[in-house]
Amino acid sequence: MDFTFSEDQLLFQESVRDFLVNEVTPESIRAAWQTESGRSDALWQQFVEMGLTGITVPEAHGGLGMNELDFVLLAQEAGYVALAEPLVHSALVAVPTIMEVGDSAFAEQWLPKIASGEAKVVVGLEVNNLVEDAHIADLLILEKEGALYAVEAGAVELRYNESIDLGRKLFAVEFDVAAAHKLADGQKAKDLVVFALNRGALAAAAQALGVAQRMIDISVQYTTDRKQFGVAIGSFQAVKHHMANIAYKLEYAKTPVYRAAYALANKLSSASHNVSHAKVVACEVADLAAKNSIQVHGAMGYTWEVDLHIFMKRAWALNSSYGTAGFHKQRIAEFVFSDEAKLGAGNTFAA
Amino acid sequence: MDFTFSEDQLLFQESVRDFLVNEVTPESIRAAWQTESGRSDALWQQFVEMGLTGITVPEAHGGLGMNELDFVLLAQEAGYVALAEPLVHSALVAVPTIMEVGDSAFAEQWLPKIASGEAKVVVGLEVNNLVEDAHIADLLILEKEGALYAVEAGAVELRYNESIDLGRKLFAVEFDVAAAHKLADGQKAKDLVVFALNRGALAAAAQALGVAQRMIDISVQYTTDRKQFGVAIGSFQAVKHHMANIAYKLEYAKTPVYRAAYALANKLSSASHNVSHAKVVACEVADLAAKNSIQVHGAMGYTWEVDLHIFMKRAWALNSSYGTAGFHKQRIAEFVFSDEAKLGAGNTFAA
Amino acid sequence: MKLEYTPEQTAFRAEVRAWLAANVPAEPLKSFDTEEGFQQHREWEAKLYEGRWGMITWPEEMGGRGADLLQWLIFEEEYYAARAPLRVNQNGIFLLGPTLMEYGTDEQKKRFLNGMATGKDIWCQGWSEPNAGSDMAAIRSTATLSEDGSHYIINGQKTWSTRAVWADWCFGMFRTDPASERHKGLTFILVPLESEGITVRPIPQLDGLPGFAEIFFDNVKVPVDCRLGGEGEGWSVAMATAGFERGLMLRSPARFQETAKRLVNLYKANQESADQDPAVRDAVLRAYMDAEAYALTTYQTACRLMQGGKIGAEASTNKIFWSELDQQMHGLGLKILGARAELVPHAPDAGEVGSWLDGWLFSQSGPIYAGTNEIQRNIIAERLLGMPRK
Amino acid sequence: MKLEYTPEQTAFRAEVRAWLAANVPAEPLKSFDTEEGFQQHREWEAKLYEGRWGMITWPEEMGGRGADLLQWLIFEEEYYAARAPLRVNQNGIFLLGPTLMEYGTDEQKKRFLNGMATGKDIWCQGWSEPNAGSDMAAIRSTATLSEDGSHYIINGQKTWSTRAVWADWCFGMFRTDPASERHKGLTFILVPLESEGITVRPIPQLDGLPGFAEIFFDNVKVPVDCRLGGEGEGWSVAMATAGFERGLMLRSPARFQETAKRLVNLYKANQESADQDPAVRDAVLRAYMDAEAYALTTYQTACRLMQGGKIGAEASTNKIFWSELDQQMHGLGLKILGARAELVPHAPDAGEVGSWLDGWLFSQSGPIYAGTNEIQRNIIAERLLGMPRK
């Protein structure tokens, strides 16, 4: 029993954090909002060079062969900077899904290109209605009416839908089922959808942790600097408690996320409800962080001018991404209220 | 349209408040806990002399002929002192129920005695499981298996059940149905039970308002007097906000209670869901008052020594008295989610 | 207590309803945080004025109907139920208007009230300053009386001025006594925004639109007859305005009851998915109850005021209650809408999301402006409950 | 990360389980806030000691098993799952014990640890004073060293001393330097409660039982070898104890997970009536999630500590989380039980109400004792987040 990350994992997190905080600044985010694609090829190239695009790609296909647990801290850091590029999606959803399809030719075709940065692949599930980053994908893996298809970029029609979070690029995607490559249908398709959804939900949860932490940091800084009634507003107890409430809840949202990552990486039978627990509480704490942060910012928090809104909007958007709270609570309820559920002391790590 | 109480109603409230605050003190309450019956004949006699026992008894039967609305402010004051005597029950539940039965001989037999203080009548509904004050009742009106019976004191067997609130005397009551006087069955009994339950719920709600106010007053006093870290603890913002949260919610619980009283007094078709709204929010604010009050008292609040616990326990006991929050939310939901419900602006006073 | 409308009140409601049915634009106007929408709303104000529905609580001789508070509540109920446009000139007609009637000279009343009523002059506030947000007494912008006493020279900066970008006039407080501190030495002055020396810098809000602005004053000359009340009396004049603002005129129960109704309908239309989260059904019921309670308490307050009562701590309890309710209801709407909820109104697949997202963004300002809810809680604790200040 | 138990840990669990199955009394003991129950619990401590299960984290030579934190968590899981008796001597074995091992002389260790371990000596705390509740530095009780240096003379008053009514010894802080202020000049002293000059006044708690007491000291003579640590060093000795108290030793996830499990079962058994309030189902799910999260985070902390980490602000986040969870779960239990919930355990129709009502009353103390949750929030804001103190 060891509930800690390894030295290597923590060092990797640190170096990715340093890189992201330097490269993905509020200024660069605002600049990207002004561009057509909203995505930076240069940044993606840097990810390639750092090995991040291939992090979950097997070594045989040119990647680092890491798993969901190795990546979860990096996803958290991506949330911390509200990263727009689909790095987390690629590593946590697209790559594992391609492998899970079990078609070695298909995997061989795409995984090396993902690792090398030549191709981007996105997965579009019906639970999300729209497909994020469809406009920059070379291949789309799409759920449609009980089956899963692989469709290349040229074969889809996209309808852009603006999100309140300008860092997210969402598209309604249409394609000709008859002309598409069917990856799976029936039970296998269902399993693949759950597989991808669990990883998408984990990705959202991990990013939500980072977003929450960022809002804490921004708000602590703001309330330390900002004076009112002659003192720093951060010295008011009500302001302190708004912040403390985020901070202590965040501590109890992190471990469910890490446990969910572990359960996915080790294909535990508890993985689905572990993921749902993680998704619910991580998004709740990010939501609370948004609420309390805007409140302690006062009117400044309501503006486009301070950076807070970048992260608030990401938190709001993550809420219902890869399953609403209701969707996930329902999965938890199915477990908790089942007659077979092992509850109570000593069963936390019963797989 | 006039949503205010009359001068007379307010003056009556004031005189009853003055009387109760002087006569029903924490000391007298603690003393009553030590007695077998827990009830004071002397106090009841004073109620008789003030006309309170007959307040809702028709003038023809020796009462004042007032209604639920006239009594609601007095019920609030009874809550303020955590009154143990069944005055509110008698005036708001027993007397109206006797009248609603529609048996004039029965009414004539009991109402004058209630007004004069010769007899006490209690109503026992299945929703409460146990019957409060059964030990001092001369007559019990009891719901049993779809019918309503009148049973005199000698014909019941009582099993005492101690409540966490020592001011409440609860009894399991057994009686011989065959030997009892059946007041109603079938639809009429159902209607009578709803009739009595609505009035019991209103009584609980009104008392909850008073209990909440009392806990505010006790806590404000305590936190003003008590010093810690060199200052009055009431000067800490967290303590202030605990109190402010009770106070502002209390304002928005009062008007639903008054509206419910009006609806019952005027037999409006909205009365049942109006009562349920009142019951839910009044008990919630009393519950919050208990929670925040013990917190600002610190360890003192956890003792038997300060008076707070008298009122906390009353608040807890009222929670599920005359219907749990669930029971009442269910009645509200039936209205709100029905296709006929007139919701939205301008429909608040549509009967 | 009598919780029924009089025949006169019922007739009044019918009259309002009929006029609105005939006049409310079929298509919703554009947001008044856009230039085009602002002009549309200005025209709507003119139309309301024509029907004498613009400021019904004003005296008849000023274009109003001398309506009492209950008529006001009824009017608002019909107004929101009809989904009539938001009031672009609310700062003028609800805040400055009543203040002008109380503190203005006859000439000032004549000069300003009509333009305000017709929508010709749209007013914005000049209260907050960069270092005086919730702490209004920290105002530092100055107004210096010219030597001949004919005008003030204004210098400084105001911020959070709602709709200042396209407004015509600004009313606010300025420090006329440079040696003064806190509440003293402040004067209430009305400033035309086209004056030389004024720069208005739009502040984009959460939705990116310039819903408010900073106003910079660089030696702005304002005639002395634009002063409202006496020199140095600004604080008491302003407090009257702030009282109105926090009071019941601006936050009709109608608005929240209509939101609660739409929420019930949204829930019913999406019940299967919504019920996956049992907290949703509970929160919808709570929205109904709270909106109802807000209406009840507002009616009670209105009746008390009509019988000669005064608004006290109700201003603070009221502010907390509606602003947190508004936030909860819109957040709940988004929750029910699920994955679509992040789409902006003009996104092609947004469907009914738009008004909920707009409402959600707008609701974020409620617990902040006009005194944060933390300050309101302090006020309740100290003034209503008498808890120790320090 | 490896979220599986080692074979050794699994074997250890099996050993604990077997012993408990054979030894936990079939009938629950009486409350240890009654004299009879206190003695029953004292005997249970002796039985635990015999099996070497009393203080498994203590070194073997002191009667323990030198267990690590993970073994401790496993032990607690089995202990709560077996519904074994509460620990009447927790102040001794979990708080004073480790402090003694760190600060005590060899002689003190020999003298006190065994009596503590066997249940012969039950210890209570002497921290708080009437005007020093959450503010421990305000302690005013004095200990004056006799002229010959052989003993202290103690005068003053302690309060909120849990289980002091039937306890044998008290440990606490006293002011040895009368001129000192706040954290300075305090000394940690162990006092036999049978000493002359001591009066113990029981304080009845919410359920009417004397769960804690005031202790009055009137010229109480205590030999100088009852001092723990140096004179004037009481604060740092006490802080070590407070750290243990707030830390994970005392608040096992097991306790809350068992409550959550019972709550799930209570809900399932009463689902029809419980579901009338949709908030209940949601809250039950939340109880499960929170208890689970508490377990996960505690395991994480334990693993970190075993790898050489230190407890920092976890002490405060932990305190808030479990105490509010405990309150919520028991309140929810009462809500599900409905009209019966107000009955005390021995009421003839109380049914299963008893343990929920007892738990509810007990849970009220959680957010208060060992530093109120308001103080914990201040600590998180100031120490973890670095927000300004004043």
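So, a few notes on the structure that sits alongside this text. Just so it is clear, the structure is predicted and the values come from calculations on it, not from any experiment.

About the thresholds
- Residue positions are given per chain, counted from 1 along the sequence in the order it is written.
- Whichever chain is written first becomes A and whichever ligand is written first becomes 1, with later ones labelled in order.
- Given that this is a predicted model, residues contribute local features only at a pLDDT of at least 70 and side-chain atom pairs are listed and counted only at 80 or more, while totals for whole chains, interfaces and linings are drawn from all residues.
- The side-chain numbers reported here are obtained from all heavy atoms of the structure, hydrogens and water having been left aside.
- The numbering of helices and of strands both runs from the N terminus, where a helix is a DSSP run of H or I of at least 4 residues and a strand a run of E of at least 2.
- Two residues form a contact once any of their heavy atoms are found within 4.5 Å.
- Residue exposure ignores everything except the shown protein chains as possible cover, and the areas themselves are Shrake-Rupley values with a 1.4 Å probe.
- Counted as positive: Lys and Arg. Counted as negative: Asp and Glu, with His and the chain ends omitted from the count.
- By convention, charge coordinates are those of NZ in Lys, CZ in Arg, CG in Asp, or CD in Glu.
- Pairing of aromatic side chains here covers Phe, Tyr and the six-membered ring of Trp, requires ring centres within 6.5 Å, and sorts the geometry by plane angle: under 30 degrees stacked, over 60 edge-to-face, intermediate tilted.
- Grouping buried Ala, Val, Leu, Ile, Met, Phe, Trp, Tyr and Cys residues that are joined through side-chain atoms within 4.5 Å yields what is termed a nonpolar core.
- Relative accessible area decides the class of each residue, using a 1.4 Å probe on protein chains only: under 20% of the type maximum gives buried, over 50% gives exposed, and in between gives partly exposed.
- We call two strands paired when DSSP finds no fewer than two bridges between them.
- It is the directions from the helix axis to the C-beta atoms that the arc portrays.

## Concerning the overall build of chain C
And then number 1: Helix and strand counts for chain C stand at 12 helices and 8 strands.
And then number 2: Principal axes of the C-alpha set define a box for chain C whose edges measure 75 × 50 × 45 Å.
And then number 3: The contacts in chain C between residues at least 6 apart in sequence include a share of 70% that link residues at least 24 apart.
And then number 4: Accessible surface, chain C as shown: approximately 14900 Å² in total, 50% of it carbon and sulfur.
And then number 5: When the 40 positive and 52 negative side-chain charges of chain C are each reduced to one mean point, those points stand 4 Å apart.

## Side note on the packing of aromatic side chains
And then number 1: Scanning the entire structure with this criterion turns up 80 aromatic pairs over all chains.
And then number 2: Between Y5 of chain D and Y299 of chain D, the ring centres sit 6.3 Å apart and the planes meet at 65°, which makes this aromatic pair edge-to-face. Placement of Y5 of chain D in the segment before α1 (7-23) and of Y299 of chain D in helix α9 (residues 278-306) is noted, with a sequence separation of 294 residues between them.
And then number 3: Taken together, a centroid distance of 5.4 Å and an interplanar angle of 90° make the contact between F256 of chain D and Y294 of chain D edge-to-face. Of the two residues, F256 of chain D sits in helix α7 (residues 253-269) while Y294 of chain D sits in helix α9, which places them 38 residues apart along the sequence.
And then number 4: Here a set of aromatic residues connected by ring pairs shows up, and it is made of F12, W19, W44, W53, W72, F75, Y79, Y80 and F94 of chain C.

## What about the nonpolar core?
And then number 1: In this structure, V72 and V257 of chain A, V72 and V257 of chain B, I154 of chain C together with I154 of chain D are the most contacted members of the largest nonpolar core, which totals 480 residues.
And then number 2: Those residues in contact with I154 of chain C that lie beyond four places of it in its chain are T142, A143, F174, I189, V191, F217, D218, N219, V220 and V222 of chain C.
And then number 3: Formed by 14 residues, the second largest nonpolar core is a distinct cluster that contains V122, L140, L142 and Y149 of chain A.

## Some details on the pairing of strand β5 (residues 156-162) of chain A
Residues and elements named next belong to chain A.
And then number 1: Here β5 runs beside strand β6 (residues 169-175); their pairing, made up of 7 bridges, is antiparallel. Counted as the bridge partner of N161 is L170 from β6.
And then number 2: In textbook terms, the turn of a hairpin is the stretch between consecutive antiparallel strands, and for β5 and β6 this stretch comprises 6 residues.

## Notes on the environment of R286 of chain C
And then number 1: By the element assignment, R286 of chain C lies in helix α9 (residues 278-306).
And then number 2: The class for R286 of chain C is partly exposed, based on a relative accessible area of 23%.
And then number 3: The sequence separation of R286 of chain C and M329 of chain C amounts to 43 residues, and the corresponding C-alpha distance is 9.2 Å.
And then number 4: With residues up to four places along the chain from it excluded, the contact list for R286 of chain C reads E284 and K329 of chain B.

## Points about helix α3 (residues 41-49) of chain B
All names here are of chain B.
And then number 1: The complete set of buried residues in α3 reads L43, W44, F47 and V48. End-on, the buried residues of α3 take up no more than an arc of 150°, which puts them together on one face. Facing away from the buried side of α3 by over 90 degrees, the exposed positions are A42 and E49.
And then number 2: Tucked inside the fold, the buried residues of α3 contact α1 (7-23), α5 (87-101) and α6 (104-116).
And then number 3: Two residues or fewer past α3, G51 is found with a positive phi of approximately 85°.

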